[in-house]
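Letter by letter, the chains look like this.
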Amino acid sequence: MRNSSSLFVPLVVASASAALVSSSAVLAQGQVRFFRQVSSFNVATGNAEIVAASADGRTLAYSDATTGKVGLVDVTDPARPVALPDVVTGGEPTSVSFAGRYLVAAVITTPWPVGQPAPDPALPSNAGRLFVIDAGNPAAPVTLGSIPIGFQPDSVKASLRNGQIVAVVCIENQPIVVGSNGLVIADDRPGFPTGGGTFPQDRSLPGAVQVVSFAPNNLGAANVATVAFPASRMSSASLLFPNDPQPEFVDVYGNTAAVTLQENNGIALLDIRNPRAPAITRLFSTGNAAERAADLLDDDAIAFAHGYPSSIGGAIPAPVDGSGQPVAGGPRQPDGIAFSPDGSVLFTADEGELAYTGGRGFSAFSLAGHRVFTDPGSLEQIASIFGQYPDSRSDARGIEVEGVTTARIGRTDFAFVLSERGSFMAVYDISDPRQPSFVQLLPTGLSPEGVVAIASRSLVVTADEVSGTLSIFAGQSTFPSDSDQPIPFSLNGPWGALSGLDANPLGAFAVPDNALPTAIYHVGLGLPFAPVLPLVPVTKDGAQARYDAEGIVRDVSILASSRLFGGFFLASEGNGTTSPNLIVQTDLLGRVLREIQLPNNIDAGADPAIGGSAVGSVGGGRIRSNGYEGLTLSADGRYLLVCIQRSFNGEAATHTRIARYDLEQIRSGRAPSNGLRFGGDWQFFYYPLQAATPGAGFVGLSEIVNIGDDTYLVIERDQGIGAAARLKAVYAFRLAGLVADSDGRPGEAAGSDTLTKALVVDVLPAFAPYEKVEGLALVRGDLWVNLDSDGGELANRIVNTGRFRNPFSR
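Residues numbered from 1 in each chain as written. Predicted model: local features only at pLDDT ≥ 70, side-chain atom pairs only at ≥ 80, totals over all residues. Heavy atoms only, no water.

Quick notes on the sheet that holds strand 41 (residues 592-597)
Hydrogen bonding along the main chain pairs the strands of a sheet, whether they run parallel or antiparallel. Strand order in the open sheet made by the five strands is 38-39-40-41-45, with mixed pairing throughout. What marks the edges here is a single partner per strand, and that holds for strand 38 (549-554) and strand 45 (677-678). One ladder, built from five bridges, connects strand 38 with strand 39 (residues 568-572); its direction is antiparallel. Considered in strand 39, the bridge of Val-553 is made with Phe-569. (Pairing = 2+ DSSP bridges. Helix = DSSP H or I, 4+ residues; strand = E, 2+ residues; numbered from the N terminus.)

Here's what the structure looks like:
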């Protein structure tokens, strides 16, 4: 069949660009065609997994399994969400759903009994509960009580019918695997043989679906109807593990519930017209992913060079199930599921479960069980265009599409597809559900798991599990454009992990860290799109180089062959033990000319045979694995300056160092070397760090930029994400008048070795909820700040913070 999604890939950026400049892109008033993020809400406890919306679309509820609560948020103004009182459930709430004014939450009340004797077979009837909350006044929610349900409920979907609540609950009941000593082990392996293998399995009941019906004012009379999945019927449907159904996710349309049996690679349709007697009406396999080009290696390089799933079992080892038996590559093993707005088609998020499984995208099926659409790899390639393909997951399940929902907003039917590992939401026009058309890619918080569309208010919300955020998006008629926060993209090859910037009149040069092969990029700035052009690979002795590049500066030094056509200096971060921190000089074509190391008494990874000196720490502690994080040149081109992210080992976290190297040592021939590698003497100046706040990790430096007159800018930040983030800021300092450290202690010479810093701009609001603010560039008078995407695992964000004002200017 024709795949409009794959045809759209080369046109993604061109179409969006045209929408920005063409008057024809302005649609009829009120017609929603695109979406933009309007806010990011930090969950105070740092955990949000599944999100639901009230009927009026003004209240959100999310599950917080970490603290045993259901959170509520007022989104009357979606740009300014407000926290409401939490509802304490205890246990682990796994899913939430509204039914009229009522909110239901599925809760695991008995934890996984690791290290304990195997539970009694009766346990599934007591180990989960369905909490019922009256949220008619969301500012004062009232817990009405709870209803016993099965062990490990995973997903719930509720509706209100004639004054009764009907809730369909997936009782996943992951297998309780028991060791030979009779104690439960922490291992959930799909297909573990019942009563066989090294360990006997599952003394409790297999997973099931329970349909719970009750009046809100009489929970004691609730009816719990269990739908079992007979092994014979599972086998007849060609499902993978007939004895282990493991229902995962549920959606409901009218009188039909659709349930994914993820590890079994199947879907079950249930008739819930009579909630006291629900029945399976159809059970079918979702089959294997369509053949496509894919990146199947976690090798710090993005290359769609394998056939998937044809390579599985050949060039790529086949996955194995719990009994060690190989599983054919490419079963979709869907997680999220959603009916199309008219109820005629089922959309699945084809996450996979074992390594080398999953559809690496999404699919659609008729209610008769026939596949009517599949994404043959185009979403992964779109992700790579926008720098959000996570290579570190290539050998697992790629972008891992986990969640999906649909809605008719205005006159258009949309599907919203979540990539858990790429941290984005892809929007599709599904007006023809058999031919989805890509609309846009929207970064979310880290690892979106749940999604809800609020059609009446043209809103979409994702629950981002790792960052503990709710990302709120609003529909609009025109493509969202902002030249101060442009959308980075590349049609010239995979890219990502921009960790350092250096300004030029058209934008900035950039480098990726060790998430990708070392290369020099150019990023265009000043328009709504920021084209990323991989200019040249960095090569050493004719081969592709692999540095952990954390900083870049044009070579206009006293060593440059030409100030106009010189090359670059890169800062490569070491690991504090075997790999040294290096400054790497290249020519204009990216060929490595020399490397400059720290002395071995400072850096354990440095070659001790190459001489050089520097004042170390009082206790002899060396540089940690958090080493070089930025690089610049002095205005006269004589000195290289590097910011060291953290204090040395054994030192207090109150200061770190700005390191300075005199290039005259090399020009005069005084620097010791072994050919390519140079040593020499270094000077250090102390930088006072802000105190870290609990939960935000350490505070350190990420970048350094020369702005003239011996004045420099740095990024100082903590490790916090979401609600834990407290510090992401740009500071300025001057070195003029300071004297280099002479005794390994800050401030011993009347503060002469310790600089004074001045705040330039707080960038925390611009980069919430992310951590690694890592690049700075002063472009045509504006100060640009960049986010490191962690190798495609989150957004590539670059922000113009406005006209730069030097705090040291009079």
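From this point, things continue past the structure.
Points about a nonpolar patch on the surface
A contiguous nonpolar surface patch, about 330 Å² in accessible area, is contributed by Leu-564, Phe-565 and Leu-588. Its place among the elements puts Phe-565 in the loop between strand 38 and strand 39. Classification of Phe-565 as exposed rests on a relative accessible area of 55%. (Patch = residues over 30% accessible without salt bridge, like charges linked within 9 Å, V, L, I, M, F, W, Y side chains within 5 Å. Areas by Shrake-Rupley, 256 points an atom, 1.4 Å probe, with all protein chains shown as cover. Salt bridge = Lys/Arg side-chain N within 4 Å of Asp/Glu carboxyl O. Buried < 20%, exposed > 50% of the residue type's maximum accessible area, 1.4 Å probe, protein only.)

Details of the nonpolar core
Counting 61 residues, the largest nonpolar core has Phe-35, Phe-416, Met-425 and Tyr-428 as its most contacted members. When residues no more than four places from it in sequence are discounted, the contact partners of Phe-416 are Phe-35, Gly-403, Val-404, Thr-405, Ala-407, Ile-409, Met-425, Ala-426, Val-427, Val-451, Ala-453 and Val-460. Core analysis: the next-biggest nonpolar cluster, separate from the first, contains 26 residues, Ile-558, Ile-623, Ala-671 and Trp-682 among them. (Core = buried A, V, L, I, M, F, W, Y, C linked by side-chain atoms within 4.5 Å. Contact = heavy atoms within 4.5 Å.)

Concerning the packing of aromatic side chains
Aromatic rings in a pair are described by how distant their centres are and how their planes are angled relative to each other. Within the structure shown, the criterion is met by 18 aromatic pairs. Relative to Phe-339, the ring of Tyr-253 has its centre 5.7 Å away and its plane inclined at 40°; by these criteria the two rings are tilted. Taken as a pair, Tyr-253 in strand 14 (residues 249-253) and Phe-339 in strand 20 (residues 337-339) lie far apart in primary sequence, 86 residues in all. Seen in terms of ring centroids, Phe-362 and Phe-373 are 5.1 Å apart; in terms of plane orientation they differ by 45°. Their pairing is tilted. Taken as a pair, Phe-362 in strand 22 (residues 361-366) and Phe-373 in strand 23 (residues 371-374) lie far apart in primary sequence, 11 residues in all. The exposure classification of Phe-362 matches that of Phe-373, with both residues buried. (Phe/Tyr/Trp six-rings, centres within 6.5 Å; stacked < 30°, edge-to-face > 60°.)

What about the sheet that holds strand 24 (residues 401-409)?
In spatial order, the strands read 24-25-26-27; together these four strands make up an open sheet with antiparallel pairing. At either end of the open sheet lies a strand with only one pairing partner, and these are strand 24 and strand 27 (437-443). Adjacent strand axes in the sheet meet at a mean angle of 20°, parallel and antiparallel pairs treated alike. Where strand 24 and strand 25 (residues 412-419) come together, eight bridges link them in antiparallel fashion. Looking at the pairing, Val-404 lines up with Val-417 of strand 25. (Axes fitted to C-alpha atoms, helices over the stretch in contact; angles between N-to-C directions.)

Looking at the pairing of strand 13 (residues 218-227)
Pairing geometry for strand 12 (residues 208-215) and strand 13, over six bridges, is antiparallel. Bridging across to strand 13, Gln-210 finds its partner in Thr-226. Connecting strand 12 to the antiparallel partner strand 13 that follows it, the hairpin turn spans two residues.

Considering the confidence of the model for the chain
The predicted model of the chain averages 91 in pLDDT, with 92% of residues at 70 or higher. The model gives residues 1-29 a pLDDT under 50, and that stretch makes 49 contacts with residues more than four places away or in other chains. Contacts for the low-pLDDT stretch residues 194-204, under 50 throughout, to residues beyond four places or in other chains number 28 contacts. (pLDDT = per-residue confidence, 0-100.)

Focus: the environment of Ser-238
Locating Ser-238 in the fold gives a position in the loop between helix 3 (231-236) and strand 14. Classification of Ser-238 by relative accessible area gives exposed; the value is 53%. A C-alpha to C-alpha distance of 9.1 Å links Ser-238 and Asn-265, two positions 27 residues apart in sequence.

Some words on the pattern of salt bridges
A complete count under the given rule lists 24 salt bridges for this structure. With a shortest N-O distance of 2.7 Å, Arg-657 and Glu-651 are connected by a salt bridge. The shortest N-O distance in the salt bridge between Asp-782 and Arg-803 comes to 3.1 Å. One end of the pair, Asp-782, is in strand 52 (residues 782-787); the other, Arg-803, is in strand 53 (residues 798-803), and 21 residues separate them in sequence. For Arg-803, a relative accessible area of 53% translates into the label exposed.

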